[in-house]
Amino acid sequence: MGNCVSSISSSGIHNDSYGYENAVYNTGVISSNTNGSQIIGSTYSHTGTKGLNQDSAFLFQGYGAEDGAFVGVFDGHGQNGHIVSQIVRNRLPSLVLSQRNAISNDQNLENDKLLGPKQNFQKWKEACIGAFKVMDKEIKVLDTVDCSSSGTAAVVVVKQGEELVVANLGDSRAILGTRTENGIKAVQLTTDLKPGIPSEAERIRKCHGRVLALKDEAHIQRVWLPYDDSPGLAMSRAFGDFVLKNHGIICIPDVSYHRLTSNDEFLVLASDGVWDVLSNDEVVSIVSSSARSVEAAAKAVVDAAIGSWQHKFPNSKRDDCTVICVFLQR
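Residues numbered from 1 in each chain as written. Predicted model: local features only at pLDDT ≥ 70, side-chain atom pairs only at ≥ 80, totals over all residues. Heavy atoms only, no water.

Taking an unreviewed UniProt entry as the reference, the chain is identified by name as protein-serine/threonine phosphatase belonging to Castilleja foliolosa. Under the UniProt heading Sequence similarities (unreviewed entry), the entry covering the chain gives this text: "Belongs to the PP2C family." (UniProt positions renumbered as here; feature names shortened; annotations may be inferred.)

## A look at the side chain of glutamate 217
Structurally, the position occupied by glutamate 217 is in the loop between β10 (210–212) and β11 (222–225). Glutamate 217 gets classed as buried once you look at its relative accessible area, which sits at 16%. A distance of 2.6 Å separates polar atoms of two side chains, one belonging to glutamate 217 and the other to arginine 222. (Helix = DSSP H or I, 4+ residues; strand = E, 2+ residues; numbered from the N terminus. Buried < 20%, exposed > 50% of the residue type's maximum accessible area, 1.4 Å probe, protein only. Polar contact = N/O pair within 3.5 Å; in protein donor to acceptor, adjacent residues only side chain to side chain.)

## Some remarks on the nonpolar core
Core analysis: the biggest nonpolar cluster contains 30 residues, and Phe70, Val88, Leu92, Val96, Phe132, Ile139 and Phe239 have the highest contact counts within it. For this core, the leading source of residues is helix α2 (residues 117–140), giving 8 residues. If we skip the residues at most four places from it in the chain, phenylalanine 239 touches Val88, Phe132, Met135, Asp136, Ile139, Ser150, Gly151, Thr152, Ala154, Leu169 and Lys245. Core analysis: the next-biggest nonpolar cluster, separate from the first, contains 26 residues, Phe266, Ala298, Val301 and Ile306 among them. (Core = buried A, V, L, I, M, F, W, Y, C linked by side-chain atoms within 4.5 Å. Contact = heavy atoms within 4.5 Å.)

## Describing unusual backbone geometry
Here the amide bond leading from serine 230 into proline 231 is cis, since omega sits at -5°, within 30 degrees of zero. With respect to the helices, strands and loops of the structure, proline 231 is situated in strand β12 (residues 228–233). Of note in the backbone geometry, aspartate 241 takes a positive phi value of approximately 55° without being a glycine. Its location among the elements puts aspartate 241 in the loop between β13 (239–240) and β14 (254–259). We classify aspartate 241 as buried; its relative accessible area is 1%.

## A look at the environment of aspartate 171
Summarising the element assignment, aspartate 171 is placed in the loop between β7 (163–169) and β8 (173–180). Look at aspartate 171 and you get buried, because its relative accessible area is 4%. For the pair aspartate 171 and alanine 234, spaced 63 residues apart in the sequence, the C-alpha separation amounts to 8.5 Å. Once you skip the residues sitting within four places of it in the chain, aspartate 171 turns out to touch Ala153, Asp192, Leu193, Lys194, Ala234, Met235 and Asp272.

## Here we look at the layout of surface pockets
Of the pockets and cavities examined, the largest pocket occupies roughly 1200 Å³. Taken together, 36 residues line the largest pocket, and the ones lying closest to its centre are Lys50, Ile220, Arg222, Ala234 and Asp319. For the lining of the largest pocket, the elements supplying multiple residues, two or more each, are β5 (68–77), β12 and α4 (272–275). Of the residues belonging to the lining of the largest pocket, the class tally is 9 nonpolar, 13 polar and 14 charged. (1 Å grid on protein atoms, 1.4 Å probe; cavity = no way out; pocket = protein on both sides within 12 Å on 5 of 7 lines; lining within 4 Å. Points joined across faces, edges and corners; volume = space filled by probe spheres on them. Nonpolar A, V, L, I, M, F, W, Y, C, P; charged D, E, K, R; others polar.)

This is the structure:
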């Protein structure tokens, strides 16, 4: 599949199922492929004040192609959310790639490089949707983990040369820092898939799920069972959460395409603990000011998020904050 540049989780140093040893937790990384190209990235995760860190993340290089990469952030929730996020982190990369290869084999595509951008995106989109469905089924049949009210959000980016395929499930987010005449600006690549979005709420209500906010947090729409005030899920799509899967919560990601240009400086993926308190432009400003110190970029964003939590919500429990920065211009 390629080389694991970095893999982080609540457990720190991680040996995953692919045999990548000593993946590094809470540090920046620089790694080169055999053809001399580089994937330059920075990762950092900080445990909130709610308990165990349920976030996990990874950055793989050489994924699908020598100049390819696979980046993902997973934000678990519920009693076993930390387990679910790590399972998805470990398994999803191989599922997406196997789905993509199966599509090529089924359609007798001897050389994917001959496909146009639209055709290639469509194949990766099908692969992502198929892989996410398989992943959810694998979680459902786990004997040792109760995922009825536990799950994880997921945002992943597949980079193939200058093409990005972005798949989002839940309320984590991916953005680009793009250079303009007026400086580096943020380009949001994903939509936060929350119950407050009218189309998401409509699907949930058609399946007899309820969408409403609690009195003491009127700004947060949550999903509830038809006749029970539980579980109060604050996103509209997720892995796991099987008690709500018949009531509008789905595992189908929103998949989009972006072709990189020389103006695209860096990519940032982060869990909602960051986006709840920092704007896209604030994150881009922090990363661009840290660009000369790759290792410092992700940590700088997390540190800023922690400070903002303390300022904006001093009496609230702080969420876990996880960030991956990928620098695109070498």
